[in-house]
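Listed below, chain by chain, are the residues.
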Amino acid sequence: MTTSPDPERTPAPTGAAEPLAHGLRPRHLTMMGLGSAIGAGLFLGSGEAIATAGPAVLVSYAIAGAIVVAVMRMLAEMASALPASGSFSVYAEVALGRWAGFLLGWLYWFMLIMVLGVEVTGVAEIVAGWWPAVPQWAVAGAVVAVFGAINLIGVRQFGEAEFWFALIKVAAIVAFLAVGVLIVLGVIPVAGSVLGDWAAHGGFAPAGVAGVAAGLLAVAFAFGGIEIVAIAAAEARDPRDAVARATRTILWRILFFYLGSVAIIVALLPWDDADALTSPFVAVLEMAGFGGAARLMEVVVVLALLSAFNAQVYGTSRMLFSLGERRDAPAPTTRVSRREVPWVAVLVSVFFGVVAVLLNWLLPEALLSVLLNAVGSALFVVWLLITLSQLRLRPRLEADAARAGEPMRLRMWGYPWLTWVTLVALVGLAALMLSDDAARAQLAATAGLVLVILGAFLVRRPFARRHGWDDVRHG
């Protein structure tokens with residue numbers, strides 16, 4: 001297995017060599033990043049995290065957010081210098097070797113495919129609750145058909161659809177924050193106590209440091225999805241500038257939305273009120289007197305799931321296309337339509353998304369749990385290899401920029417020290433996961449998936465060498 005890159009055989013990737021359209025604008029990338037990270041995990045999952053750590057979950061979110069901000073800054077640095085549809089998979093291959101690119105590409109593809117199935121199933125269940133006469137399979141089929149078509153029409157159409165979906169979610173968050181602030185300030189009178197009766201329920205950190213640590217596990221991957229910005233950058237009109245402009249604002253906005261929303265919730269709801277935390281956004285809106293809050297939030301969650309499904313069809317298809325370009329996926333996955341869309345890769349991803357839906361409905365619960373657990377901490381492996389890739393690539397990027405006589409568009413702060421700090425934080429997160437039964441099961445399942453993918457890489461190597469596939473260049 002190759003452990004270091006050969007700069008003569010593995011030149012830097014360039015988005016210009018890829019036969020894809022360049023129809024995305026910075027506003028598309030910005031809203032895509034916001035929309036991908038703000039989803040059902042925030043609207044529904046935040047309650048579980050609050051119940052674990054109490055109000056001190058804000059510390060958990062801040063720590064997780066700091067890690068994600070650092071990782072995304074590293075990814076943005078590489079993407080602004082070397083835009084490629086395979087994004088971190090390509091960067092890992094250039095920095096660490098063919099094995100790393102193969103692993104990250106297929107791991108990310110599998111992770112999103114499984115998530116596609118979960119999201120479509122969630123939409124189908126909610127919509128079936130609105131209209132019981134409509135079978136869930138019909139709803140799932142309609143979602144797959146519509147968003148598969150959007151992704152086939154063209155990247156600009158995809159970008160516009162994702163822009164408006166994300167805008168609705170962001171508007172919902174802003175409205176929620178406005179209502180919450182008005183309640184806290186006493187403009188909207190409510191029954192109960194602001195600051196959620198903290199003193200009567202154990203104070204700010206009722207479970208102490210252990211609760212903050214457990215809360216960190218609950219929220220660590222809540223920010224997942226933002227990495228799609230780096231994948232989409234390769235199809236922006238000015239890839240190098242677009243990703244730099246988008247990521248400068250996305251990260252802080254996401255932190256504001258997450259921390260602001262959770263701060264409002266913990267200020268108004270007792271952390272040990274299990275009923276309220278089942279759907280905390282609904283509970284706060286009902287406190288303010290919005291009687292239709294539950295149905296409204298269901299609509300927002302459906303839109304969040306549809307937005308994420310749309311973005312993930314895009315992400316899986318571009319990653320598969322990139323793997324095909326590097327001869328790590330079947331050659332037909334590189335076929336591009338007249339609209340400059342990798343149509344085979346889109347259809348393959350949609351097909352396996354349908355398979356994932358069927359797995360959600362047909363598999364025994366134990367087997368499905370293993371598959372979903374493998375997805376649970378896959379993002380951790382992605383972040384870890386992004387960090388290692390940036391650590392190796394930064395000197396090369398600086399040298400390339402110096403030879404070109406122009407500065408790098410975007411730099412990681414405090415290199416290499418902050419990169420090392422982030423790496424240590426990720427290793428610490430892994431150690432924390434090993435101390436928790438549920439997280440340990442996720443880590444074990446992901447480790448098993450990683451071994452399967454690396455095994456596939458080792459099996460394909462003799463064929464790759466025989467046919468000269470390992471000599472493929474990146475553009």
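Residues numbered from 1 in each chain as written. Predicted model: local features only at pLDDT ≥ 70, side-chain atom pairs only at ≥ 80, totals over all residues. Heavy atoms only, no water.

Enquirer: Pulling in residues and values, what's your account of the overall build of the protein?
Expert: Assigned secondary structure in the protein consists of 19 helices and zero strands. Within the protein, buried positions represent 56% of all 475 residues. In the protein, the share of contacts with a sequence separation of at least 24, taken over all contacts with a separation of at least 6, comes to 83%. (Helix = DSSP H or I, 4+ residues; strand = E, 2+ residues; numbered from the N terminus. Buried < 20%, exposed > 50% of the residue type's maximum accessible area, 1.4 Å probe, protein only. Contact = heavy atoms within 4.5 Å.)

Enquirer: Tell me about the packing of helix H4 (residues 57-81) against helix H18 (residues 417-434), residues and numbers included.
Expert: Direction vectors running N to C along H4 and H18 enclose 130°, while the axes themselves pass 10 Å from each other. Between H4 and H18, the angle falls in the class oblique. For the pair H4 and H18, the sense of crossing is left-handed. Within the contact between the two elements, H4 uses Ile67, Ala70, Val71 and Met74 and H18 uses Thr419, Thr422, Ala425 and Leu426. Classifying every residue of the contact of H4 with H18 by side-chain character gives six nonpolar, two polar and no charged. (Axes fitted to C-alpha atoms, helices over the stretch in contact; angles between N-to-C directions. Parallel < 35°, antiparallel > 145°, perpendicular 65-115°, else oblique. Left-handed = near helix turned anticlockwise from the far one by under 90°. Nonpolar A, V, L, I, M, F, W, Y, C, P; charged D, E, K, R; others polar.)

Enquirer: Give me the side chain of Thr446: which residues, what numbers.
Expert: Structurally, the position occupied by Thr446 is in helix H19 (residues 437-467). Filtering out sequence-adjacent residues up to four positions away, Thr446 remains in contact with Asn373, Ala374, Ser377, Ala378 and Val381.

Enquirer: Break down the packing of aromatic side chains for me, with residues and values.
Expert: Counted by the stated rule, this structure contains 13 aromatic pairs. With centroids separated by 5.7 Å and ring planes inclined at 45°, the aromatic side chains of Phe147 and Phe165 adopt a geometry described as tilted. Of this pair, Phe147 sits in helix H7 (residues 136-153) while Phe165 sits in helix H8 (residues 155-184); the two residues are 18 residues apart in sequence, bridging distant segments of the chain. Judged by its relative accessible area of 5%, Phe147 is buried. Aromatic side chains Phe147 and Phe309 sit 6.1 Å apart centroid to centroid with 70° between the ring planes, which places their arrangement in the edge-to-face category. Placement of Phe147 in helix H7 and of Phe309 in helix H14 (residues 293-325) is noted, with a sequence separation of 162 residues between them. Put simply, the rings of Trp106, Trp109, Phe351 and Phe352 touch in pairs and so form one group of aromatic residues. Over the aromatic face of Phe163 sits the side chain of Arg27, whose NZ or CZ is 4.7 Å from the ring centroid. (Phe/Tyr/Trp six-rings, centres within 6.5 Å; stacked < 30°, edge-to-face > 60°. Lys NZ or Arg CZ within 6 Å of the ring centre and 35° of its normal.)

Enquirer: Can you tell me about the nonpolar core, naming the residues and giving the values?
Expert: In this structure, Phe43, Val57 and Phe88 are the most contacted members of the largest nonpolar core, which totals 164 residues. Ranked by the residues each element gives to this core, the list is headed by helix H6 (residues 98-130), at 20 residues. Once you skip the residues sitting within four places of it in the chain, Val57 turns out to touch Ala49, Ile50, Val219, Val262 and Val266. (Core = buried A, V, L, I, M, F, W, Y, C linked by side-chain atoms within 4.5 Å.)

Enquirer: Which residues make up the confidence of the model for the protein, and what values go with them?
Expert: As a note on interpretation, predicted positions should not be read in detail where pLDDT is low. When pLDDT is averaged across the protein, the result is 82; 89% of the residues are at 70 or more. Low pLDDT, under 50, characterises residues 1-16; the stretch is placed with 50 contacts to residues that sit more than four places away or in other chains. Scored below 50 in pLDDT, residues 471-475 shows 21 contacts in the model against residues more than four places distant or in partner chains. (pLDDT = per-residue confidence, 0-100.)

Enquirer: Tell me what's going on with the environment of Asn373, and back it up with residues and numbers.
Expert: Among the secondary structure elements, Asn373 is positioned in helix H16 (residues 365-376). C-alpha separation for the pair Asn373 and Leu443, spaced 70 residues apart in sequence, amounts to 7.6 Å.

Enquirer: Could you give an account of unusual backbone geometry, naming the residues involved and the relevant values?
Expert: Along the chain, Tyr415 connects to Pro416 via a cis peptide bond; the corresponding omega equals 0°. Tracing the sequence through the fold places Pro416 in the loop between helix H17 (378-404) and H18. A positive phi angle is found at Ser87, which is not glycine, with a value near 45°. Relative to the elements of secondary structure, Ser87 occurs in the loop between H4 and helix H5 (88-96). On the basis of relative accessibility, which here comes to 0%, the residue Ser87 falls in the buried class. The backbone phi angle of Glu340 is positive, close to 60°, even though this residue is not glycine. Tracing the backbone through its elements, the reader meets Glu340 in the loop between H14 and helix H15 (343-362).

Enquirer: Run through a nonpolar patch on the surface, naming residues and quoting values.
Expert: A grouping of Trp137, Val354, Leu358, Trp361 and Leu362 is seen on the molecular surface, where their side chains present a nonpolar patch of about 550 Å² in accessible area. With four residues, H15 is the largest single contributor of residues to the nonpolar patch. Secondary-structure assignment places Trp137 in helix H7. The class of Trp137 is exposed, set by a relative accessible area of 62%. (Patch = residues over 30% accessible without salt bridge, like charges linked within 9 Å, V, L, I, M, F, W, Y side chains within 5 Å. Areas by Shrake-Rupley, 256 points an atom, 1.4 Å probe, with all protein chains shown as cover. Salt bridge = Lys/Arg side-chain N within 4 Å of Asp/Glu carboxyl O.)

Enquirer: Run through the environment of Ala276, naming residues and quoting values.
Expert: Within the secondary structure, Ala276 sits in helix H12 (residues 274-277). A sequence separation of 229 residues divides Ala276 from Gly47, and the C-alpha atoms of the two residues are 8.3 Å apart. With residues near it in sequence (within four places) discarded, Ala276 still touches Leu269 and Ala283.

Enquirer: So what's going on with the pattern of salt bridges? Which residues, and what values?
Expert: Proximity of charged atoms lets side chains of opposite charge pair with each other. Scanning the entire structure with this criterion turns up eleven salt bridges. For the salt bridge of Glu298 with Arg295, the shortest nitrogen-to-oxygen distance reads 3.2 Å. Remark: Arg295 and Glu298 occur in helix H14; sequence separation between them is three residues, near one turn of the helix. Residue Glu298 is classed as partly exposed on the basis of its relative accessible area of 31%. The salt bridge partner of Arg403 is Asp400, with a shortest N-O separation of 2.2 Å. Of this pair, Arg403 and Asp400 both sit in helix H17, separated by three residues, roughly a single helical turn. Here the residues in one salt-bridge network are Glu77, Arg394, Glu398 and Arg411, joined through shared partners.

Enquirer: Any chance you could break down the environment of Pro330 for me, citing the residues and the numbers?
Expert: Here Pro330 lies in the loop between H14 and H15. Take Pro330: its relative accessible area is 54%, and that puts it in the exposed class. Residues Pro330 and Ala345 lie 15 residues apart in sequence; the distance between their C-alpha atoms is 9.9 Å.

Enquirer: Outline H17, listing residues and values.
Expert: The end-to-end C-alpha separation of H17 is 37 Å, in line with the 39 Å expected for 27 residues at 1.5 Å each. Of all the bends in H17, the largest measures some 45° and sits at Leu393, one to four residues before the proline Pro395. Just downstream of H17, Gly405 is the residue with a positive phi angle, here 75°. (Expected span 1.5 Å × (residues − 1). Bend = angle between axes of the 7 residues up to and from the residue.)

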